[in-house]
Protein chains: 2
Amino acid sequence: MTAAKLLLIDDDQELSELLSEFLTSEGFSLTCCFDGITGLEQAKTTDYDLILLDVMMPGLNGFDVLKALGGKHLTPILMLTAKGDESDRVLGLELGADDYLAKPYNPKELLARIKAILRRVDILTNKTKSQPIQINGIELSPASREVTCLTKPVLLTGTEFEMLHLLMENLDTIVSKEMLSEQVLNRPLMAFDRSIDMHISNIRRKFQQFSSEEKIKTIRGVGYVFMSGDK
Amino acid sequence: MTAAKLLLIDDDQELSELLSEFLTSEGFSLTCCFDGITGLEQAKTTDYDLILLDVMMPGLNGFDVLKALGGKHLTPILMLTAKGDESDRVLGLELGADDYLAKPYNPKELLARIKAILRRVDILTNKTKSQPIQINGIELSPASREVTCLTKPVLLTGTEFEMLHLLMENLDTIVSKEMLSEQVLNRPLMAFDRSIDMHISNIRRKFQQFSSEEKIKTIRGVGYVFMSGDK
DNA sequence: AGCAAAGGGTAAAGATTGAGTAAATTTACT
DNA sequence: AGTAAATTTACTCAATCTTTACCCTTTGCT
């Protein structure tokens, strides 16, 4: 696994320094913010693997940041606090934190908890990616990278396969062009990039001979949806 | 969400009883095992959403169970222990536990931690899509960008969809033209801009064939309201 | 009531944007 | 080098968004 990107939000610069050194030596890449506002800004603009969030901060405190991020942020959050207060812990977890560690903490335990969270994320995001998907006569098997339509094989290129896979994983849910570009082509979507359109076009063509009904619906200005079609 | 299935592995029957009662009252479905071997057996044969695992048990202890389950079990594990020993916690987390709570614990905190883990799993397996909105026979699904009126599809353009979405989210609440312009068209409202009026007009027209009653009410000089209509 | 002014409804025209795709080019792999 | 795949180019066309224009309704004033 490539170095996980962590975001540390803590007003204690000295402690941050120490922690930064420790975690960097453990192979993480760490960004530090010393107040809630810049921390929140960072969290919203950059995609981190995990956020370490101190509760006690002047201005925007940890709970405020948690609230501002909303309940469904994708990035896991580990809260740090000087208080050992239990109701505090409960509140943090209810607001959307994933774990809670009281200061002063053992760096080893912090490390272990960070790893535990990242491992869970890793397991869960890889799990779905290996199970075959069957929808409406189309079967896609990630393990063998084969796709069949009504049991007959459909020969897709690697990118076409991944694109179809991502769409089928998100059945009846829009997958934006940005998402397709980032997840499949591994680069941000650029203006006037017609590459995705091309691949979609090719996928559609390869399926045409088997079935006339269009499974991949275009959502103009947004992306594409793989439709289950049972309406 | 349907009731999460939990597995409790703890040799302390009395405590298990209490915990079982508490968690059941919180809407979980709980299975108890009183030793490591049966616990391991259960964990392997049935698909639980979360395992609560006591460390101190005669025979196979919590760590042994953890090891036996292997590093990449899909089910998250929360360990419970009488010891507050840090190295113990670190060991547990390294062996694949997702969280660690020392006895005696506050039931509220346990509950919060259980929920935090389940929420993380939920987010990562992305079952938490943006929820469809249903009002008065009209259903709007943000995920697939589809709108139906009395189960029949209504074909809206992107802007029309977003405008209706914003109005339906603010049921019975006025949405100003300024708001509509900024949120949907991404620009400040200008004098003599009739664009919003046009879109509203088009939305109304597309719904006319299904129902005569007007859902979108005009508030002269201010904006529009989507009416729940039950008065 | 009468009137003027402002705001909204909407058809139609015009402008703009985004998608489809053939073909050419580049890239990546053998 | 040879080949398959991916990307870019270039062009068309269709969807859809905006503007215009005209009419109707409401509001507020005398």
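Residues numbered from 1 in each chain as written. Chains lettered and ligands numbered in written order. Predicted model: local features only at pLDDT ≥ 70, side-chain atom pairs only at ≥ 80, totals over all residues. Heavy atoms only, no water.

Moving on, we come to the interface of chain A and chain B. The interface of chain A with chain B comprises 39 residues on the first partner and 35 residues on the second. In total, about 3300 Å² of surface goes out of reach between chain A and chain B, with carbon and sulfur atoms giving 53% of it. Interface area lost by chain A to chain B is led by A:Arg119, A:Arg120 and A:Leu124, which between them contribute 17%. Residue A:Arg120 pairs with B:Asp98 through a salt bridge whose shortest N-O separation is 2.4 Å. Looking at the side of chain A that touches chain B, the elements with two or more residues in it are α4 (86–94), β5 (99–102), α5 (107–127) and β11 (216–219) of chain A. (Contact = heavy atoms within 4.5 Å. Buried area = accessible area lost by both parts, 1.4 Å probe. Salt bridge = Lys/Arg side-chain N within 4 Å of Asp/Glu carboxyl O. Helix = DSSP H or I, 4+ residues; strand = E, 2+ residues; numbered from the N terminus.)

Another point: a negative patch on the surface. All names here are of chain A. Judged by side-chain charge, Asp47, Asp49, Glu178 and Glu182 come together as a negatively charged surface patch. In this structure, Asp47 sits in the loop between α2 (36–45) and β3 (50–54). Given the relative accessible area of 64%, Asp47 is considered exposed. (Patch = residues over 30% accessible without salt bridge, like charges linked within 9 Å, V, L, I, M, F, W, Y side chains within 5 Å. Areas by Shrake-Rupley, 256 points an atom, 1.4 Å probe, with all protein chains shown as cover. Lys, Arg positive; Asp, Glu negative; His and termini not counted. Charge placed at Lys NZ, Arg CZ, Asp CG, Glu CD. Buried < 20%, exposed > 50% of the residue type's maximum accessible area, 1.4 Å probe, protein only.)

A few words now on the pattern of salt bridges. Summed over all chains, the structure comprises 27 salt bridges over all chains. Note that B:Asp99 and A:Arg113 form a salt bridge whose closest N and O atoms lie 2.5 Å from each other. Here B:Asp99 is found in strand β5 (residues 99–102), whereas its partner A:Arg113 is found in helix α5 on a different chain. An identical accessibility class is assigned to B:Asp99 and A:Arg113; each is buried. Put simply, B:Arg113 and B:Glu109 hold a salt bridge, and the shortest N to O gap is 3.1 Å. Of this pair, B:Arg113 and B:Glu109 both sit in helix α5 (residues 107–124), separated by four residues, roughly a single helical turn. For B:Arg113, a relative accessible area of 3% puts it in the buried group. In this structure B:Glu109 comes out as buried when scored by relative accessible area, which is 1%. Beyond isolated ion pairs, a larger network of salt bridges with shared partners links A:Arg89, A:Asp99, A:Glu109, A:Arg113, B:Arg89, B:Asp99, B:Glu109 and B:Arg113.

Now for the confidence of the model for chain A. Confidence in the prediction for chain A averages 90 pLDDT; 96% of positions are at 70 or higher. When mean pLDDT is compared element by element in chain A, strand β12 (residues 223–226) of chain A scores highest at 97, while α4(A) scores lowest at 86. (pLDDT = per-residue confidence, 0-100.)

Our next topic: the sheet that holds strand β1 (residues 5–9) of chain B. All names here are of chain B. Taken together, the five strands give an open sheet; going across it, the order is β2-β1-β3-β4-β5, and neighbouring strands pair in parallel fashion. In the strand order of this sheet, the two ends are held by β2 (29–33) and β5, each with one partner. With direction set aside, neighbouring strand axes in the sheet form an average angle of 20°. Pairing analysis gives four bridges linking strand β4 (residues 77–81) to β5, with the strands arranged parallel. Counted as the bridge partner of Leu78 is Asp99 from β5. Running over the sheet, helix α2 (residues 36–45) touches β1, β2 and β3 (50–54) and is turned about 160° from β1. Of the strands in this sheet, β4 and β5 touch helix α4 (residues 86–94), which is tilted by about 150° from β5. (Pairing = 2+ DSSP bridges. Axes fitted to C-alpha atoms, helices over the stretch in contact; angles between N-to-C directions.)

Bringing the protein's contact with DNA strand C into the picture now. Near DNA strand C lie 20 residues; those nearest to it are A:Arg194, A:Arg204, B:Arg194, B:Arg204 and B:Gly221. Protein-proximal atoms of DNA strand C, defined as those within 4 Å of the protein, fall in sugar or phosphate at a share of 47%. Take A:Tyr224: an N or O atom from its side chain is 3.0 Å from a phosphate oxygen of DNA strand C. The side chain of B:Lys177 places a nitrogen or oxygen atom 3.1 Å from a phosphate oxygen of DNA strand C. Among the secondary structure elements, those contributing two or more residues to the surface near DNA strand C are α8 (195–208) of chain A together with α8 (195–208) of chain B. (Near = heavy atom within 4 Å. Polar contact = N/O pair within 3.5 Å; in protein donor to acceptor, adjacent residues only side chain to side chain.)

Before going further, it helps to spend a moment on helix α6 (residues 158–169) of chain A. Under the 1.5 Å per step criterion, the end-to-end length of α6(A) is 16 Å for 12 residues, consistent within 8% with the ideal 16 Å. Of all the positions in α6(A), only A:Glu160, A:Phe161, A:Met163, A:Leu164, A:His165, A:Leu166, A:Leu167 and A:Met168 are classed as buried. (Expected span 1.5 Å × (residues − 1).)

Around DNA strand D, the surrounding shell holds 22 residues, and the nearest of these are A:Thr157, A:Thr159, B:Thr157, B:Arg187 and B:Ser195. Per the 4 Å cut-off to the protein, sugar and phosphate atoms form 72% of the nearby atoms of DNA strand D. Side-chain polar atom of A:Ser195 to a phosphate oxygen of DNA strand D: 3.2 Å apart, as the coordinates give it. B:Thr157 places a polar side-chain atom, nitrogen or oxygen, 2.6 Å from a phosphate oxygen of DNA strand D. Those elements giving two or more residues to the surface near DNA strand D turn out to be α6 and α8 of chain A together with α6 (158–169) and α8 of chain B. Of the residues that constitute the surface near DNA strand D, the class distribution is four nonpolar, 10 polar and eight charged. (Nonpolar A, V, L, I, M, F, W, Y, C, P; charged D, E, K, R; others polar.)

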